[in-house]
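# Summary of structural features
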Amino acid sequence: MEQVQTLEASSASSSSSSSSPSLEDFMKLLKGKTDSQRLAGLLLVTKFCDKNDQHTILNVYLALGSTFLHRLFLTGMGRGAVGGDSSNREAYLRLSVTLLASLARVSQVAATDEMVSKIPLILEVISNESGSSFREECYEFLFLVSAAREDGIITLYDSGGVNVLASQMATLPDGSHVMELAMKLVQLIVSKLPAGKVHVDHPSELSNMVVAIAKQFALLQNALKFDALYLLSIILSSSYSGPVHAVLQSMTCGEWSTCIRVGIMDVLQNRVAPAEKLQALVLAECAMSIAGEEWLIGSTILPFAHNSFPDNRCILLVLESSRVEIAVILNELAYLKYEASKSSPPNAETFLVKLRNLGVAFSLVEMIIKLISKFGGNEESISTCILTESTFTKIIGGLNETIGVVLEYLHDAKDHGDRKGNDLLASVRIVGSYLAEAPSACKEKIKELLGYMLCVEGEDESSPFQSVSFLLPVLCQITMDKDGCEIFVSAGAFRAVVGCIISLIDSSHSKIDSSTIFLACDTILNLLLKREEVGFSLDNLCYVELLQALSRWTEDTIDTSVIMMASSICSLILDTTCEEALLCHPKFKPDNLIALSQLLKRSLVTCGQELMSDDINTNTEADLYQIVSS
């Protein structure tokens, strides 16, 4: 350090004789013929120049030239010689890095080839122990140069920037400026590179970054907290984030999910802008897609934080925030569709953004419904669950209120003759999800709107297939009693469910959704068994098409449950008519009657043999056999 110390002493002496050297003095030294003069000039610059004075910094760069700066930097790294003595290496490195960071604050300098070419070298410096004392300047340089031009971020990525960031972020001081710069670099990498590239190439490294950023999100109470929120949302909500989710799921320590939970509760319970609350809900949805619905009732204790939250706070905050978001968005959508559109059509992009936001809020409510269903009917689960009876009551109240708002939106759409749109389809889905767990909820409104909901179509649908599918669980439940069957019949649901069965059978013989088709068949079976009790008359065309579809469904199957379900429905339909009446129908052919006869014969033989051998699988199949045989 002898030469640098001599130069520092010289500059100190110079400063004592003249407390503020002129820019001309600096320029003379920087343009000097010897390295010693240039070093002295640099030391004076670092002591007396304002680092934010871009005009002066630009003049320094022009006077010094890129060649000397490059030699100085390489000498600091142990790869060159400026002024001889290698013992000055660390001082040279510190000086050159400090100057590079200052120069990078001038955008036109940061965008030069000389600056971009330094990115791999700066990454190398950060990776070495020697760079730890001036790490902030290194990160500042990387951020400013990478952001200055398009190929800057590509150079950073190709030079191993992701690996360096992933290995270092966990060691950076919480809330520090260097942590802020590291997060900005991550955001640049994720947002500027081709979609999904980082997620696919570096899922493990990106997961390590998520852990470090999540800690900042939980701990900080300043603007950097919201930077962390947005960055986590960008990383985890990407359509390419599957590999990152998988790595996070495999981590033995789930501290990252607790950090995200604590951070989200901080945001949702405080007075912040609506955009921040919405972003917190987006992140909550991501966390649950990784950790499951139980994430809502996970621990809120962190070893490095002093936050104290009740165990039920997270689920209540997410539900309430989602309810408010749903109410606001549905109100805005109704205005755009039915009021604003009278004078001018709604902006397509605005409409799509609101639909995406609505989807997030609906998804969260569905996850809460799913979580509650796991505990609702299981006393053992309830006893070990952290949710108390009063919390369950609050959740049910919040869900009822939310579904009430959705039903009002559907009622408004019905009044306007609107039955097509993804907003309406999503509304039917959320209603169906809740009613599957609470079929008696909002009974009068459901009675009024059931027929309409069964007619709702998605934007790209030509029939209401998905709406019917979403409502099947509740339809199956309500048709178990007479009152429910009457509601089912008055809503015209029989034709809708039959249409759903036919679509499922005809869509793909090899890939029929068995759970959905059995649910639909159970619903029809329930009604047929109570047909006389509710005074229901079958629609000729409807039941003929159903008989034909059920025959096709069972043509090549050896599955006893399929054969018995199809034959039971066919038997109950045939019980209301006769062969002559069927054959008189223009769409019913003799081949159809033969196929039905073969189906009934197979069911009697197959199930009869299993009953004789006590090999029948369930009481249900035995019951179905009784229907057919009777």
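Just so you know, these numbers come straight off a predicted model, no measurement behind them.

Rules behind the numbers
- Residues numbered from 1 in each chain as written.
- Predicted model: local features only at pLDDT ≥ 70, side-chain atom pairs only at ≥ 80, totals over all residues.
- Heavy atoms only, no water.
- Helix = DSSP H or I, 4+ residues; strand = E, 2+ residues; numbered from the N terminus.
- Buried < 20%, exposed > 50% of the residue type's maximum accessible area, 1.4 Å probe, protein only.
- Contact = heavy atoms within 4.5 Å.
- Areas by Shrake-Rupley, 256 points an atom, 1.4 Å probe, with all protein chains shown as cover.
- Core = buried A, V, L, I, M, F, W, Y, C linked by side-chain atoms within 4.5 Å.
- Domains from an automatic or database assignment.
- pLDDT = per-residue confidence, 0-100.
- Patch = residues over 30% accessible without salt bridge, like charges linked within 9 Å, V, L, I, M, F, W, Y side chains within 5 Å.
- Salt bridge = Lys/Arg side-chain N within 4 Å of Asp/Glu carboxyl O.
- Lys, Arg positive; Asp, Glu negative; His and termini not counted.
- Charge placed at Lys NZ, Arg CZ, Asp CG, Glu CD.
- Phe/Tyr/Trp six-rings, centres within 6.5 Å; stacked < 30°, edge-to-face > 60°.
- Lys NZ or Arg CZ within 6 Å of the ring centre and 35° of its normal.

### Thoughts on the overall build of the protein chain
Across its full length, the protein chain carries 35 helices and zero strands. Taken across its 630 residues, the protein chain has 51% of its residues classed as buried. In the protein chain, 74% of the contacts between residues at least 6 apart in sequence involve partners at least 24 apart. Of the accessible surface of the protein chain, which amounts to about 28500 Å², a share of 50% is contributed by carbon and sulfur atoms.

### Describing the nonpolar core
Ranked by size, the top nonpolar core spans 203 residues in total, and within it Ile-213, Leu-236, Ile-260, Leu-410, Val-431, Met-453 and Ile-569 carry the most contacts. Ranked by the residues each element gives to this core, the list is headed by helix H21 (residues 348–376), at 14 residues. Split by domain, this core shows at least three residues from each of two domains, domain 1 (22–159) and domain 2 (538–629). Each residue touching Leu-410, except ones within four places of it in the same chain, is listed here: Leu-424, Ser-427, Val-428, Val-431, Leu-449, Tyr-452 and Met-453.

### Details of the confidence of the model for the protein chain
The share of residues in the protein chain with pLDDT of 70 or more is 84%, and the mean pLDDT across the chain is 84. When pLDDT is averaged over each helix and strand of the protein chain, the minimum, 44, is found for helix H1 (residues 2–17) and the maximum, 96, for helix H16 (residues 223–237). In the model, residues 1–18 has pLDDT below 50 throughout and makes 21 contacts with residues more than four positions away in sequence or in other chains.

### Notes on unusual backbone geometry
For Cys-442, which is not glycine, the phi torsion reads 50 degrees and is therefore positive. Residue placement: Cys-442 occurs in the loop between helix H24 (422–437) and helix H25 (443–453).

### So, a negative patch on the surface
Side chains of Asp-481, Asp-483, Glu-486 and Glu-533 sit close together on the surface and give a patch of like negative charge. Tracing the backbone through its elements, the reader meets Glu-486 in helix H27 (residues 482–490). For Glu-486, a relative accessible area of 36% gives the class partly exposed.

### So, the side chain of Glu-325
For Glu-325, the location among the structural elements is in helix H20 (residues 313–338). Residues within four places of Glu-325 in sequence aside, it is in contact with Leu-278, Leu-281 and Ala-361.

### Quick word on helix H11 (residues 150–158)
Inspection of H11 places Gly-152, Ile-153, Thr-155, Leu-156 and Tyr-157 among the buried residues, and these make up the whole buried set. On the buried face of H11, the contacting elements are helix H8 (113–116), helix H9 (119–127), helix H10 (135–148), helix H12 (161–168), helix H13 (177–192) and helix H14 (197–201). After H11 finishes, the residue Gly-160 shows a positive phi value of roughly 90 degrees.

### Focus: the packing of aromatic side chains
Within this structure, the stated rule accounts for two aromatic pairs. Arranged with centres 5.8 Å apart and planes meeting at 65 degrees, the rings of Phe-518 and Trp-553 form a pair that is edge-to-face. Residue Phe-518 is located in helix H29 (residues 514–529), and its partner Trp-553 is located in helix H31 (residues 540–554); the two are separated by 35 residues in the primary sequence. One cation-aromatic arrangement involves Lys-225 over Phe-217; the distance from NZ or CZ to the ring centre is 5.4 Å.

### Structural notes on the pattern of salt bridges
The full count for this structure, using the stated rule, is 23 salt bridges. Put simply, Lys-370 and Glu-293 hold a salt bridge, and the shortest N to O gap is 3.5 Å. Taken together, the positions of Lys-370 in helix H21 and Glu-293 in the loop between helix H19 (274–291) and H20 put the pair 77 residues apart, joining distant regions of the chain. Relative accessible area serves as the criterion here: at 45%, Lys-370 is assigned to the partly exposed category. Salt-bridge contacts for Lys-420 lead to Glu-457; the nearest nitrogen and oxygen are separated by 3.1 Å. Highlighted residues: Lys-420 in the loop between helix H23 (389–415) and H24 and Glu-457 in the loop between H25 and helix H26 (465–478), separated in sequence by 37 residues. On the accessibility criterion, Lys-420 (34% relative accessible area) is partly exposed. Taking relative accessible area as the criterion, Glu-457 reaches 9% and is therefore assigned buried. Overlapping salt bridges bring together Glu-293, Glu-294, Lys-370 and Lys-374 as one network.

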